[in-house]
Amino acid sequence: MNTMIIDKIQDVARDAGAIMISAKRPKIMEKSGHANFCTEIDEKIQAFLIEKLKEILPEANFLGEEDGQDVFTSKMESGFCFVLDPIDGTSNFIYSYRPSVVSIGLLLDGKPYIGVVYNPFDDMMFYAKKGEGAFLNDEKIMSSEFPLKDSLASFGTAPYYEELRDKSFEIAKKLLPLCVDLRRSGTAAWDMCCVAVGRCGLYFEMKVQLWDYAAAALIAMEAGCTLTDIEGKELSFKGATSCICRSRGVKEMPSCFE
Ligand code: IPD
């Protein structure tokens with residue numbers, strides 16, 4: 001694996017982003033769970049990603065939000081596995097509420113190896129390779145050193161899981177007075193990138209899928225963030241999990257998670 005490969009993955013993400021921004025009035029399909037949508041553009045981008053990424057790494061497995069291969073299997077624990085979210089922020093996309101991003105994670109032997117998250121609306125390309133730092137448009141990034149009380153914080157509402165709603169908002173209510181203010185962007189990958197680049201001090205969500213976090217979690221870790229589940233354990237990179245992403249300045253687990 002050399003730097004050429006990460007460059008090629010970014011080129012694919014950029015082309016996928018171009019499909020996203022040129023799309024008009026896509027057909028919308030519902031999936032299971034509250035307001036869980038997929039559009040024909042999610043499917044089109046996913047097919048495009050698989051075709052192009054296969055050219056880069058023909059031996060890789062694929063796990064993607066929209067292709068039916070949505071369960072992490074033991075087969076994905078060895079060798080390369082691309083984890084794809086063609087449009088993270090599908091509801092944003094449907095309602096033209098920006099941003100939505102293309103998220104491409106690459107696992108090696110079940111561990112995060114490369115992460116690429118592209119926001120085509122602002123031409124912002126986040127990427128990281130394990131042990132080599134995180135970058136935004138080729139500039140190295142580090143998360144903020146501000147304490148939580150001087151930082152924005154964000155959360156995801158875990159919208160598709162009704163049973164997590166009370167807990168999500170209970171934590172959010174306790175978090176608000178501990179920080180400057182709360183944000184909810186509509187894309188988990190973007191939220192983690194915002195912590196990575198120092199816009200935000202913390203992001204949490206009670207349930208995200210592997211394709212939501214595989215790429216962005218590596219970018220955040222390489223930018224000095226601490227990522228755990230709600231119990232303080234390391235993220236599994238094997239499937240759905242709760243997630244807390246803290247910047248360098250948010251050293252302790254805030255009391256809202258107790
Ligand atoms: C969703 C977004 C949202 C988050 C959900 C995700 P999708 O992904 O990232 O911000 O709250 O948990 O599932 O469905 O738009 O790809």
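Relevant structure appears above.
Please read all numbers here as calculations on a predicted model, not as lab measurements.

**Q** How do you make sense of the site of the ligand when you look at a structure like this?
**A** Lining the immediate surroundings of the ligand are 15 residues, of which Asp88, Thr90, Tyr160, Ala188 and Glu205 lie closest. Within the side chain of Asp85, an N or O atom sits 3.0 Å from an oxygen atom of the ligand. One nitrogen or oxygen atom from the main chain of Gly186 is found 3.0 Å from an oxygen atom belonging to the ligand. Contact with the protein chains hides 97% of the accessible area of the ligand, taken as 380 Å² for the molecule alone.

**Q** Help me understand the packing of helix H5 (residues 188-196) against helix H6 (residues 210-222), please; the structure alone is not making it clear to me.
**A** Between two packed helices, both the angle of their axes relative to each other and the distance between the axes serve to describe the pair. The interhelical angle for the contact between H5 and H6, taken along N-to-C directions, is 0°, at an axis separation of 8 Å. By the angle between their directions, the pair H5 and H6 is classed as roughly parallel. Note on element contacts: H6 touches H5 through Asp212, Tyr213, Ala216, Ala217, Ile219 and Ala220, opposite Ala188, Ala189, Met192, Cys193 and Ala196.

**Q** What is the right way to read the pairing of strand S4 (residues 80-88) from this model?
**A** On a regular strand, one side chain projects to one face of the sheet and the next to the other, so that they alternate. Most of S4 sits out of view: 9 of its 9 residues are buried. Across 4 bridges, the pairing between strand S3 (residues 61-64) and S4 is parallel. Its bridge partner being in S4, Asn61 is matched across the sheet by Cys81. Strand direction decides the pairing type here: S4 and strand S5 (residues 101-108), joined by 7 bridges, are antiparallel. Bridge pairing links Phe82 to Leu106 in S5.

**Q** How should unusual backbone geometry be read in this particular structure?
**A** The general pattern is negative phi for most residues beyond glycine and trans for most peptide bonds. Between Arg98 and Pro99 the backbone carries a cis peptide bond, its omega angle lying at -5°. Residue Asp109 is not a glycine yet carries a positive backbone phi of 50°. By the secondary structure assignment, Asp109 is in the loop between S5 and strand S6 (111-119). Judged by its relative accessible area of 45%, Asp109 is partly exposed. Located in the positive-phi region is Asn137, a residue other than glycine, with phi close to 45°. Following the sequence through the fold, Asn137 ends up in the loop between strand S8 (134-136) and strand S9 (139-141). With relative accessibility at 38%, the residue Asn137 sits in the partly exposed group.

**Q** For this particular structure, what's the right way to read the nonpolar core?
**A** Side chains that are nonpolar tend, in soluble globular proteins, to be buried together. In terms of nonpolar packing, the biggest core is built from 42 residues, with Val117, Phe126, Met192, Leu210, Ile219 and Leu227 touching the most fellow members. For this core, the elements supplying multiple residues, two or more each, are S4, S5, strand S7 (124-129), S8, H5, strand S12 (202-208), H6 and strand S14 (241-246). In terms of residue count, the dominant contributor to this core is H6 (10 residues). Residues lining this core come from more than one domain, with at least three contributed by each of domain 1 (3-141) and domain 2 (148-257). In this structure, Ala13, Leu49, Leu106 and Tyr127 belong to the second largest nonpolar core, which totals 33 residues.

**Q** So what exactly am I meant to see when it comes to the state of the cysteines here?
**A** Here a disulfide denotes a covalent bond joining the sulfur atom of one cysteine to the sulfur atom of another. Taken as a whole and judged by the stated rule, the model has 0 disulfides. In this model Cys179 remains outside any disulfide bridge; the closest cysteine sulfur is found in Cys200, 8.1 Å from its own. Under the relative-accessibility criterion, Cys179 is labelled buried at 8%.

Procedures and definitions
Residues numbered from 1 in each chain as written. Predicted model: local features only at pLDDT ≥ 70, side-chain atom pairs only at ≥ 80, totals over all residues. Heavy atoms only, no water. Near = heavy atom within 4 Å. Polar contact = N/O pair within 3.5 Å; in protein donor to acceptor, adjacent residues only side chain to side chain. Areas by Shrake-Rupley, 256 points an atom, 1.4 Å probe, with all protein chains shown as cover. Axes fitted to C-alpha atoms, helices over the stretch in contact; angles between N-to-C directions. Helix = DSSP H or I, 4+ residues; strand = E, 2+ residues; numbered from the N terminus. Parallel < 35°, antiparallel > 145°, perpendicular 65-115°, else oblique. Contact = heavy atoms within 4.5 Å. Buried < 20%, exposed > 50% of the residue type's maximum accessible area, 1.4 Å probe, protein only. Pairing = 2+ DSSP bridges. Core = buried A, V, L, I, M, F, W, Y, C linked by side-chain atoms within 4.5 Å. Domains from an automatic or database assignment. Disulfide = S-S within 2.5 Å.

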